[in-house]
Amino acid sequence: MARGPHTHTGAPPLALSRGALCFLVLAYLLIAGCVVLDLTSGPSTTLAPVLAALPVLAGAHSRRARGPLAAGALAIGLVFALAAANHGVPALVHVTSAITVLAVTFTSTGAVVLITGRERELARVRGVAEAAQSALLRPPPPRIGPLRVAVRYVAAESQARIGGDLYEVVPTDQGVRVLLGDVRGKGLAAVETAADVLGVFRDAARSEPGLDAVAARLDSALARSGGGSEDFVTAVLLTVPEEGDDAVLVNCGHPAPLLRRDGTVTELAPEVPAPPLGLLALTGDRYRPQTVRFHRGDLLLFCTDGVVEARDRRGRFYPLAERVREMPEQDPDDLLDRVLADLRSWSGGGLGDDAALLALRRTR
């Protein structure tokens, strides 16, 4: 089980669904049937133009130019074979069939080369983005202060673009400070924004006495970055003191964390909703800290919207609180492994967005 971001360095493999594969097989069988029918129907008729579909079908399931080229060569050979068998058909018909096959073969081959080149370029860009994420999102140690810590980052399915989920856990003089967030947008721009947010948080978490001041620093940094209303980050911040049970929470437009205590699961929704980081000036408001009782043995679970917005085949969102309530695991690592396995089962194995999960269990 991956503990952090992982990097894909090559183009994603071509995978056909069962339905697509069935249609391709049926198309090949149809062409084969046409050839047999042509050979048995007499010398005065021909179905040779149907052979132009062969290189198209080959290009549909091939990422190499030799696929449609080989299919085109086979189709040309069959055109000549049918021309010899159907001597009653005008020569112009056979010549037209051969020219059509050649034109479709070259077109299909060009399309395969173009698509493969674009996929390789996208794979390189994705590899750079994921490598940057791996460098930015360092897995925290399993024990920090009074907490056991576990984190999981799951990239979206290979066709999706890289996202900007981020997390950090920092021990400070004020206690252990935690950040989990989600940058608006995708790609390298989102990774760059995540890097800026993490850099500011690592400094502000150690220097600012109040968690609301940390959030305000993050908001100001994003507002100064020049992205305007298009550049924002939903985030939740937490301070867990070394002594005492009063943790402090600031939610900046992010999915509410869950608190599990003695078999009950409570959603820690903010008392007053606040905007995402980078948008505070638009509301003229401020970030308000929320006090949360976090006892020994309690567990806090944070996630990004890639978790709670995952859907099953019927279009239902993943009910995280309901599912966690039924999970007996006490260790944060075990719980996150269980949640991810359940999430993949719910969504059919693939996620449409990156997903980050962070679990904290108070041990003293």
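About the cut-offs
Residues numbered from 1 in each chain as written. Predicted model: local features only at pLDDT ≥ 70, side-chain atom pairs only at ≥ 80, totals over all residues. Heavy atoms only, no water. Axes fitted to C-alpha atoms, helices over the stretch in contact; angles between N-to-C directions. Helix = DSSP H or I, 4+ residues; strand = E, 2+ residues; numbered from the N terminus. Parallel < 35°, antiparallel > 145°, perpendicular 65-115°, else oblique. Left-handed = near helix turned anticlockwise from the far one by under 90°. Contact = heavy atoms within 4.5 Å. Nonpolar A, V, L, I, M, F, W, Y, C, P; charged D, E, K, R; others polar. Phe/Tyr/Trp six-rings, centres within 6.5 Å; stacked < 30°, edge-to-face > 60°. Pairing = 2+ DSSP bridges. Expected span 1.5 Å × (residues − 1). Buried < 20%, exposed > 50% of the residue type's maximum accessible area, 1.4 Å probe, protein only. Salt bridge = Lys/Arg side-chain N within 4 Å of Asp/Glu carboxyl O.

**Structural notes on the packing of helix 1 (residues 18-40) against helix 3 (residues 66-85)**
Here's step 1: Here helix 1 crosses helix 3 at 20 degrees, and the two axes come no closer than 9 Å. It follows that helix 1 is roughly parallel to helix 3 by the angle criterion. The chirality of how helix 1 crosses helix 3 is left-handed. Two secondary-structure elements touch here, helix 1 through Val35, Asp38 and Leu39 and helix 3 through Leu78, Leu82 and Ala85.
Here's step 2: Residues of the contact of helix 1 with helix 3, tallied by class, amount to 5 nonpolar, no polar and 1 charged.

**Re the packing of aromatic side chains**
Here's step 1: Enumeration over the complete set of coordinates arrives at 1 aromatic pair.
Here's step 2: Ring centres of Tyr318 and Trp346 lie 5.9 Å apart, and the angle between their planes is 75 degrees; on these two criteria the pair is classed as edge-to-face. Of the two residues, Tyr318 is situated in the loop between helix 8 (305-308) and helix 9 (320-325) and Trp346 in helix 10 (residues 332-347); the sequence distance between them amounts to 28 residues.

**Some thoughts on the side chain of His94**
Here's step 1: Within the secondary structure layout, His94 lies in helix 4 (residues 91-136).
Here's step 2: In this view, His94 contacts Thr46, Val79, Leu82, Ala83, Asn86 and Val89; residues no more than four positions away in its chain are not counted.

**Things to note about the sheet that holds strand 3 (residues 165-172)**
Here's step 1: Reading across the sheet, the 5 strands line up as 3-4-5-6-9 and stay open at both edges, with antiparallel pairing between neighbours. Looking at which strands have only one partner, the edges of the open sheet turn out to be strand 3 and strand 9 (290-293). Each adjacent strand pair in this sheet contributes to an overall mean axis angle of 20 degrees, direction not counted.
Here's step 2: Sheet analysis places strand 5 (residues 233-240) next to strand 6 (residues 246-252), joined by 5 bridges and oriented antiparallel. Directly across from Leu237, in strand 6, lies its bridge partner Val250.

**Description of helix 5 (residues 187-207)**
Here's step 1: If you check helix 5, its first and last C-alpha atoms are 31 Å apart, about what 21 residues at 1.5 Å a residue would give, namely 30 Å.
Here's step 2: Regarding helix 5, the residues found buried are Gly187, Ala190, Val191, Thr193, Ala194, Val197, Leu198, Phe201, Arg202, Ala204 and Ala205.

**A look at the pattern of salt bridges**
Here's step 1: Counted by the stated rule, this structure contains 17 salt bridges.
Here's step 2: The partner of Asp312 in a salt bridge is Arg316, and the shortest N-O contact between them spans 2.7 Å.
Here's step 3: The exposure class assigned to Asp312 is buried, which follows from its relative accessible area of 12%.
Here's step 4: Arg338 is the salt-bridge partner of Glu329, the closest N and O atoms lying 2.8 Å from each other.

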